[in-house]
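# Commentary on secondary and tertiary structure
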Amino acid sequence: TVEGDKETVKTTDSFSVPFTGDDYSWGTFNATDEENELGVGTIWIENGSLFYRIDQGGVTDWHNKLYLNLTLPADSYFTVEITGKATKPVSCGFFLNPSGSWDPRVSEGIDFTTEEKTFSFDTTDTLILDMPFEMLFQFGSADLASMGEVTVEISNITIWQRTVS
């Protein structure tokens, strides 16, 4: 039984994360930038999709990291939907994490295949204040390091917001 003075409003709002413009900050971390032996990737936007080519896989999860900085509003639950595929099957850790700390609100795995697929993840806690978050796709692994080049295409990210009153 759940008790409390809040209820979820049944209406939902959504917003798509654009792959163009200055509203969001996309980037990639290459472990070789910090003098690690492995981990090189490149991102670009083409035909409305975000591409992440992993030229050299690192063995540690954050050695090949794609990230997005965004702010999420308070008093809401969120569902993140990600649609994508890859040139070969590749896995990553997916995290929705408050910026500046390590307290993931979503911590899941994504297995991209050569067929486009949509993945969906829900938060279980609301935010007290509007907060900056980082959406992390961490690809590094021993399997990735032995795989050779692979390109991931993310064609859509939609974040559904369910407000609480």
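Structure report, in brief. (Residues numbered from 1 in each chain as written. Predicted model: local features only at pLDDT ≥ 70, side-chain atom pairs only at ≥ 80, totals over all residues. Heavy atoms only, no water.)

The subject of this paragraph is the pairing of strand 10 (residues 131-138). The buried count for strand 10 comes to six of eight residues, which makes it a mostly enclosed element. Note that strand 5 (residues 64-72) and strand 10 share eight bridges and pair antiparallel. Within strand 10, the position partnered with K65 by the bridge is Q138. Bridging between strand 7 (residues 90-98) and strand 10 involves six bridges; their strand directions are antiparallel. Counted as the bridge partner of P98 is F133 from strand 10. (Buried < 20%, exposed > 50% of the residue type's maximum accessible area, 1.4 Å probe, protein only. Helix = DSSP H or I, 4+ residues; strand = E, 2+ residues; numbered from the N terminus. Pairing = 2+ DSSP bridges.)

With that out of the way, let us pick up the sheet that holds strand 8 (residues 106-112). Pairing in this open sheet of five strands is antiparallel, and the strands run 2-5-10-7-8 from one edge to the other. Of all the strands in the sheet, just strand 2 (25-30) and strand 8 have a single pairing partner and so form its edges. Ignoring which end each strand starts from, the neighbouring axes of this sheet average 20 degrees apart. For strand 7 and strand 8, the ladder comprises seven bridges, and the chain directions are antiparallel. The residue bridging L96 from the neighbouring strand is V106, located in strand 8. (Axes fitted to C-alpha atoms, helices over the stretch in contact; angles between N-to-C directions.)

Taken as a whole and judged by the stated rule, the model has eight aromatic pairs. On the basis of an interplanar angle of 20 degrees and a centroid distance of 6.3 Å, the ring pair of F112 and F139 is categorised as stacked. With F112 in strand 8 and F139 in the loop between strand 10 and helix 1 (142-147), this residue pair connects regions lying 27 residues apart in the sequence. According to the relative accessible area criterion, F139 is buried, its value standing at 1%. A network of ring pairs unites the aromatic residues Y52, F112, F119 and F139 as a single cluster. In this arrangement the basic side chain of K65 is found over the ring face of F29, its NZ or CZ atom lying 5.6 Å from the centre. (Phe/Tyr/Trp six-rings, centres within 6.5 Å; stacked < 30°, edge-to-face > 60°. Lys NZ or Arg CZ within 6 Å of the ring centre and 35° of its normal.)

A word on the pattern of salt bridges. Counted according to the given criterion, the structure contains two salt bridges. Between R53 and D55 there is a salt bridge; the shortest N-O distance is 2.5 Å. Residue class for R53 comes out partly exposed when judged on its relative accessible area of 25%. A salt bridge links D103 to R105; the nearest nitrogen and oxygen atoms lie 3.3 Å apart. D103 sits in the partly exposed class, given a relative accessible area of 39%. (Salt bridge = Lys/Arg side-chain N within 4 Å of Asp/Glu carboxyl O.)

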